[in-house]
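Fold and contact review
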Amino acid sequence: MSKTHPGLDIVSNFYTSDKSESIRKLFDKGYIIIKNNISFAKCEELITSLNGIRNKYPYHIESSNTYAGVFRSPFIFFNSYRDLMLNSIIHSHLKEIFPCKYQLHLNRCVENKPNKIAATVEWHRDIPYIHTPNSYPLSISALTFLSPSKATQIELLLDSHIKHFYSLGDADVLSLNPKPGDTILFDSNLIHRTLPTVSSVYYNLYMFSSPIIKPVVDYSSESVKKLISSIPYRLEEVFKLIGYEFLVPRDDLEYMNNKQNT
């Protein structure tokens, strides 16, 4: 074959390369569980840190039903959330899943309380408007559970990421009660929901996606860059994962200037 675009080689190598057992399972079943991914002490630190942004607009809106229980982008403010965002075990899996780079798509921590049910109790996909299944994930959700619970915390609709993408009524339900520190790593197309609770529980979500998918927030405003930079902890790693290199050029001149400088 004549000279080809380097992207073709990357994609071909991804398809033919051997995958670890855990990644083969994730591609097949849509999820894996990483047990004891972080310590119980780290879980408690993550929960306690949230008080620093409680009722701080726009990062937490207690009165909102649409965003009930949601703390947005806590990695901006707390070292503990940056450590979890950059967790080496999670990223060892992501590097195997995404052959052509990936970026942060979303970060939020959810507080589910008995007297105010979190918005995540409805069945949903983390990327709800993708209208077709993919042979391999374009987005991965890393949901880490922070609280002990005697009851089921989450339910998954099995095979809803591919086989039952449209036929949701044919999917079996898997009920899970992960322990504090467990992370469920799953295809963001897999339908799931959290459940009402008798005691307050917390779980943190990081989503990572192929750069072809627009992130929920790109963190490119000068104000948020300044806010992120006010905490120097692991700052270079954070900025790289945010994916500023993938921001869409505003015109052809900017596009060509970017290309010329790389």
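Please refer to the structure placed before this passage.
Presented here is an overview of the structure given in this document. Since we're looking at a predicted model, the values are computed, not measured.

Glancing now at the overall build of the protein. Summing up its helical and strand segments, the protein has eight helices and nine strands in all. Its C-alpha atoms give the protein principal-axis dimensions of about 65 × 45 × 30 Å. Residues counted as buried form 46% of the 262 residues belonging to the protein. Of the roughly 14100 Å² of accessible surface on the protein, a fraction of 54% belongs to carbon and sulfur atoms. Side-chain charges in the protein split into 28 positive and 26 negative, and the spacing between the mean points of these groups amounts to 3 Å.

A few words now on the sheet that holds strand β7 (residues 183-187). Note on sheets: strands pair through backbone hydrogen bonds, and any given pair is parallel or antiparallel. Ordered by their spatial adjacency, six strands build an open sheet running β1-β7-β4-β9-β3-β2, and the pairing between neighbours is antiparallel. Strands with a single pairing partner mark the edges of an open sheet, and in this sheet they are β1 (31-34) and β2 (70-72). Neighbour to neighbour, the strand axes of the sheet diverge by 20 degrees on average, direction disregarded. As defined by bridge partners, β1 adjoins β7 across four bridges and the pair is classed as antiparallel. Paired with Tyr-31 across the bridge in β7 is Phe-186.

Our next topic: the environment of Pro-6. Inspection of the secondary structure assignment puts Pro-6 in helix α1 (residues 6-16). Accessibility expressed as a relative area gives 54% for Pro-6, which makes it exposed. A C-alpha to C-alpha distance of 24 Å links Pro-6 and His-91, two positions 85 residues apart in sequence.

Summed over all chains, the structure comprises 13 aromatic pairs. Taken together, a centroid distance of 5.0 Å and an interplanar angle of 70 degrees make the contact between Phe-27 and Tyr-136 edge-to-face. With a gap of 109 residues between them, Phe-27 in helix α2 (residues 21-29) and Tyr-136 in the loop between β3 (103-112) and β4 (139-145) connect regions that are remote in the sequence. Residue Phe-27 is classed as buried on the basis of its relative accessible area, which comes to 11%. Ring pairs connect the aromatic residues Tyr-59, Phe-77, Phe-78 and Tyr-81, which therefore count as one cluster. Directly above the aromatic system of Phe-165 lies the positively charged group of Arg-125, at a separation of 3.7 Å from the ring centroid.

Read across the sheet, three strands follow the order β6-β5-β8 without closing on themselves; strand pairing throughout is antiparallel. Each of the sheet's edge strands pairs with one partner strand only, and the pair in question is β6 (173-176) and β8 (192-194). Strand-to-strand, the axes of this sheet are offset by a mean angle of 15 degrees, without reference to chain direction.

Attention now goes to the nonpolar core. Proteins that are soluble and globular tend to have nonpolar side chains buried together. Counting 42 residues, the largest nonpolar core has Phe-75, Tyr-81, Phe-208 and Ile-228 as its most contacted members. If one sorts the elements of this core by residue count, helix α7 (residues 235-242) sits on top with four residues. One finds Leu-143, Phe-145, Leu-176 and Ile-213 within the second-largest nonpolar core, a separate group that totals 18 residues.

So, on to the pairing of β4. Of all the seven residues making up β4, seven are buried; the element is thus mostly covered by neighbouring parts of the structure. Residues Ser-139, Ser-141, Leu-143 and Phe-145 of β4 are buried on one face, and the alternating residues Ile-140, Ala-142 and Thr-144, pointing to the opposite face, are buried as well. Both β4 and β7 contribute to a ladder of five bridges, which runs antiparallel. Following the sheet pairing, Ser-141 is matched in β7 by Phe-186.

With that settled, consider the packing of α2 against helix α5 (residues 88-97). One way to put it is that α2 packs onto α5 with a least axis distance of 10 Å and a crossing angle of 65 degrees. Here α5 runs roughly perpendicular to α2, going by the angle between their axes. Here the hand of the crossing between α2 and α5 comes out right-handed. Along the contact surface, α2 presents Ser-22, Ile-23, Leu-26 and Phe-27, while α5 presents His-93, Glu-96 and Ile-97. Looking at side-chain class alone, the contact of α2 with α5 contains four nonpolar, two polar and one charged residues.

This part covers the side chain of Asn-112. The residue Asn-112 is located in strand β3 in this model. The exposure class assigned to Asn-112 is buried, which follows from its relative accessible area of 0%. Among the polar contacts listed, one links the side chain of Asn-112 to the side chain of Tyr-203, at a separation of 3.0 Å. Residues in contact with Asn-112, not counting those within four places in the same chain, are Ile-117, Ala-118, Val-121, Thr-194, Leu-195, Pro-196, Thr-197, Ser-199, Ser-200, Val-201 and Tyr-203.

Procedures and definitions
Residues numbered from 1 in each chain as written. Predicted model: local features only at pLDDT ≥ 70, side-chain atom pairs only at ≥ 80, totals over all residues. Heavy atoms only, no water. Helix = DSSP H or I, 4+ residues; strand = E, 2+ residues; numbered from the N terminus. Buried < 20%, exposed > 50% of the residue type's maximum accessible area, 1.4 Å probe, protein only. Areas by Shrake-Rupley, 256 points an atom, 1.4 Å probe, with all protein chains shown as cover. Lys, Arg positive; Asp, Glu negative; His and termini not counted. Charge placed at Lys NZ, Arg CZ, Asp CG, Glu CD. Pairing = 2+ DSSP bridges. Axes fitted to C-alpha atoms, helices over the stretch in contact; angles between N-to-C directions. Phe/Tyr/Trp six-rings, centres within 6.5 Å; stacked < 30°, edge-to-face > 60°. Lys NZ or Arg CZ within 6 Å of the ring centre and 35° of its normal. Core = buried A, V, L, I, M, F, W, Y, C linked by side-chain atoms within 4.5 Å. Parallel < 35°, antiparallel > 145°, perpendicular 65-115°, else oblique. Left-handed = near helix turned anticlockwise from the far one by under 90°. Contact = heavy atoms within 4.5 Å. Nonpolar A, V, L, I, M, F, W, Y, C, P; charged D, E, K, R; others polar. Polar contact = N/O pair within 3.5 Å; in protein donor to acceptor, adjacent residues only side chain to side chain.

Structural measurements only, silent on function.
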